[in-house]
Amino acid sequence: MNESNEPSQPQREGFTTTLGVLAATLGSAVGLGNIWKFPSLTGQNGGAAFVFVYMIGVALIAMPVMISEFIIGRKAGANAVGAFKRLEPARTKPWFLTGVIGVVAAFLIMFFYTDVAGWVYSYAFRALSGGFAHVGVNQTAGVFDSYIGSAAGPLIWQWIVLIVISSVIIAGVTRGIERMTKALLPILFVLLLICDVRALTLPGAFEGVRYLFQPDFTKITAGVVLAAMGLAFFKLSVGMGTMTTYGSYIGKKESLPATAIRVALADTLVSLLAGLAIFPAVFAFGFKPDAGPSLLFITIPAVFKTMPFGQVFLTMFFVLAAIAATGAMISLLEVPVAYLTEEKKWSRLWATIFSAGLMGVVGSLATLSTSSLSKTLVFGKTFFDLFDFLSSNIALPVGGVFICLFVGWKLGKKIIVEEASNDGSLHNLALLKVFTFTVRYIAPIAIVLVLLNGLGILKA
Ligand code: PHE
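I will try to describe carefully the structure that is included in this document. Along every chain, residues carry numbers that run from 1 in the direction the sequence is written. With pLDDT at 70 or above as the cut-off, local features in this predicted model cover only qualifying residues; side-chain atom pairs require 80 or more to be listed or tallied, and sums for whole chains, interfaces and linings still use all residues. Excluded from the side-chain calculation are hydrogens and water; included are all heavy atoms of the structure.

### Remarks on the overall build of the protein
Part 1 of the argument: Helix and strand counts for the protein stand at 17 helices and zero strands.
Part 2 of the argument: Principal axes of the C-alpha set define a box for the protein whose edges measure 70 × 50 × 45 Å.
Part 3 of the argument: When each of the 460 residues of the protein is scored for burial, the buried share is 59%.
Part 4 of the argument: Pairs at least 24 apart in sequence give 81% of the contacts found in the protein among residues at least 6 apart.
Part 5 of the argument: Calculation of accessible area relied on Shrake-Rupley with a 1.4 Å probe; when residues are assessed, cover is drawn exclusively from the protein chains displayed. For the protein, the exposed surface amounts to about 17800 Å²; the carbon and sulfur share of it is 69%.
Part 6 of the argument: When charges are counted, neither His nor the chain ends are considered; positive counts come from Lys and Arg and negative counts from Asp and Glu. By convention, the charge on Lys lies at NZ, on Arg at CZ, on Asp at CG and on Glu at CD. With 32 positive and 22 negative side-chain charges, the protein shows a separation of 2 Å between the mean positions of the two kinds. Only DSSP runs of H or I covering at least 4 residues are called helices, and only runs of E covering at least 2 are called strands; the numbering of each starts at the N terminus. Categorising residues by exposure relies on relative accessible area from a 1.4 Å probe, with only protein chains included: less than 20% of the type maximum marks a residue as buried, more than 50% marks it as exposed, and the intermediate range marks it as partly exposed. Note on definitions: a residue-residue contact is assigned when non-hydrogen atoms from the two residues lie within 4.5 Å.

Pasting the structure below:
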């Protein structure tokens, strides 16, 4: 494909500096996945053994998919669907459907993500305004159940979340996404480190550290592997076009592999730091680590209530969770907005209002799953669980396979080297050999095996 022969495109916005690229992409990766899913899945799947499998999934599968998405996005300079159309202009094969799966997945994720983010926002607000001061250790479950069991509160918070992220998206890629993530990420890190110091200096904290780092390999089952891989995709925001879209905003001088490696490392670090803020405290006060999704909302407030200055740390913890959730949701909303503005020529304002509106309307089904719709099951799952399952366990891995195949076999070695080495100037050819082999064979085969196993078609 010769870029100079393309019809000239209207000037696109993009990320302006290396730091801006890192802030935006890391801001997408870091989210409720680190603070809510990672600890609860670790707790439910046996601790360090799960963490171990998860890290392998990140390095071997999710990170190569991220590099692939960056290559597709930057090479094409277009949104998740448009990128495939531009790189495969003949349209003899429907590769662009990979992008369509991505846009659908962005909606599916947002349907439930905005609900949980709303819980986090409301908890942050409540903590900031002193609303936990009179909640006893044994009352945190009651507080949470009565909150999610009511319809109005969670719905209102879900819409507040949507309005916040919409305003960032409307401000644009540079002035909205890049500026916002650059300002918020450092705050998140500092708050997290303070919570870590607090948790790790509690008497009896070591038990929690061991839980996170000393694997018992007998705990690894097929279910554990599936859960870890689903999380690896979800965590690094790959398999659905977020990183393709963000890749299209990355300048030609940036190193795509280096960006992906930095994001993967920093994101994993945040997960571990979140685990270190949670598990030592959980063990120190004799709580159970396997509470699942309610760990964040029931166990954590109880644990923090128990420790000195708990009120302050509880507030910090939920503020940092809210910041993390916001960066991730911005990137999820950008996927359909970029698609609608570029492919359908909508204005950014209308694309945002429409997408966020749809997320709010259908997302309310997920929100009501804990109240009036708690008995309404589709395929045996509540709407909340259905959206979560369809996105993490199906759409992202399926998208991931096609992204790998597209880059490994369709674009091929020449374009991989061109894009991922910046025309040879990065001198990383050895790394790219490993990468090419991984996206051609290892990643797709591994994903398909885990997927089939997860669907019960292949029994491990
Ligand atoms: N990575 C985000 C998190 O961990 C979630 C996300 C998934 C964001 C997919 C964008 C795309 O919370």
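### Some remarks on the site of the ligand
Part 1 of the argument: Ala29, Gly33, Tyr113, Phe234 and Lys235 are the nearest of the 16 residues found near the ligand.
Part 2 of the argument: Contacts described as polar in this section are N or O atom pairs within 3.5 Å, which, within protein, must combine one atom able to donate a hydrogen with one able to accept it, while residues neighboring in sequence count only if both atoms come from side chains. Within the contact set of the ligand, a nitrogen atom lies 3.2 Å away from a backbone nitrogen or oxygen of Ser28.
Part 3 of the argument: At 2.8 Å, a backbone N or O of Phe234 approaches a nitrogen atom of the ligand.
Part 4 of the argument: In isolation the ligand exposes 330 Å². Once the protein is present, 100% of that is buried.
Part 5 of the argument: Counting residues per element, the ones that place at least two in the shell around the ligand are helix H1 (18-29), helix H2 (32-44), helix H5 (96-128), helix H10 (222-235) and helix H14 (310-343).
Part 6 of the argument: Throughout this entry, Asp, Glu, Lys and Arg are counted as charged residues, while Ala, Val, Leu, Ile, Met, Phe, Trp, Tyr, Cys and Pro are counted as nonpolar. The remaining residues, Gly among them, count as polar. The residue makeup of the shell around the ligand, split by class, is eight nonpolar, seven polar and one charged. Summary of the distance rule: residues count as near a molecule or strand when at least one heavy atom falls within 4 Å of that molecule or strand.

### What to know about a nonpolar patch on the surface
Part 1 of the argument: A surface patch of nonpolar side chains, about 950 Å² in accessible area, is lined by Phe52, Ile56, Leu60, Phe217, Trp409, Phe437, Tyr441, Ile442, Ile445 and Leu449.
Part 2 of the argument: Among the secondary structure elements, those contributing two or more residues to the nonpolar patch are helix H3 (48-76) and helix H17 (429-454).
Part 3 of the argument: Along the chain, the position of Ile445 falls in helix H17. Put simply, a patch holds well-exposed residues, over 30% relative accessible area, that have no salt bridge, with like charges counted together within 9 Å and Val, Leu, Ile, Met, Phe, Trp or Tyr side chains within 5 Å. The salt bridge criterion pairs a side-chain nitrogen of Lys or Arg with a carboxyl oxygen of Asp or Glu, the two atoms within 4 Å.

### Details of the packing of H3 against H10
Part 1 of the argument: Here, axes are lines fitted to C-alpha atoms. For helices the fit covers the stretch in contact, and angles between N-to-C directions go from 0 to 180 degrees. Between H3 and H10, whose axes approach to 8 Å, the crossing angle comes to 45 degrees. Here H3 is positioned oblique relative to H10, judged by the angle of their axes. Where H3 crosses over H10, the handedness of that crossing is right-handed. Here H3 contributes Phe50, Val53, Tyr54, Gly57, Val58, Ile61, Ala62 and Val65 to the contact with H10, which in turn contributes Val224, Val225, Ala227, Ala228, Met229, Leu231, Ala232, Phe233 and Lys235.
Part 2 of the argument: Broken down by class, the residue content of the contact of H3 with H10 amounts to 15 nonpolar, one polar and one charged. If an angle is under 35 degrees, it is roughly parallel; if it is over 145, roughly antiparallel; if it lies from 65 to 115, roughly perpendicular; otherwise it is oblique. What makes a crossing left-handed is the near helix being turned counterclockwise from the far one by less than a right angle; a clockwise turn instead makes it right-handed.

### A few points about helix H16 (residues 383-420)
Part 1 of the argument: Expected helix span is given by 1.5 Å per residue-to-residue step, counting one fewer step than there are residues. Spanning 38 residues, H16 covers only 40 Å between terminal C-alpha atoms, well under the ideal 56 Å at 1.5 Å per step.
Part 2 of the argument: Bend is computed residue by residue as the angle between axes fitted to the seven residues ending at the residue and the seven residues starting at it. The axis of H16 is deflected most strongly, by about 110 degrees, at Gly412.
Part 3 of the argument: Once H16 ends, the next one or two residues include Asn422, with phi positive near 50 degrees.

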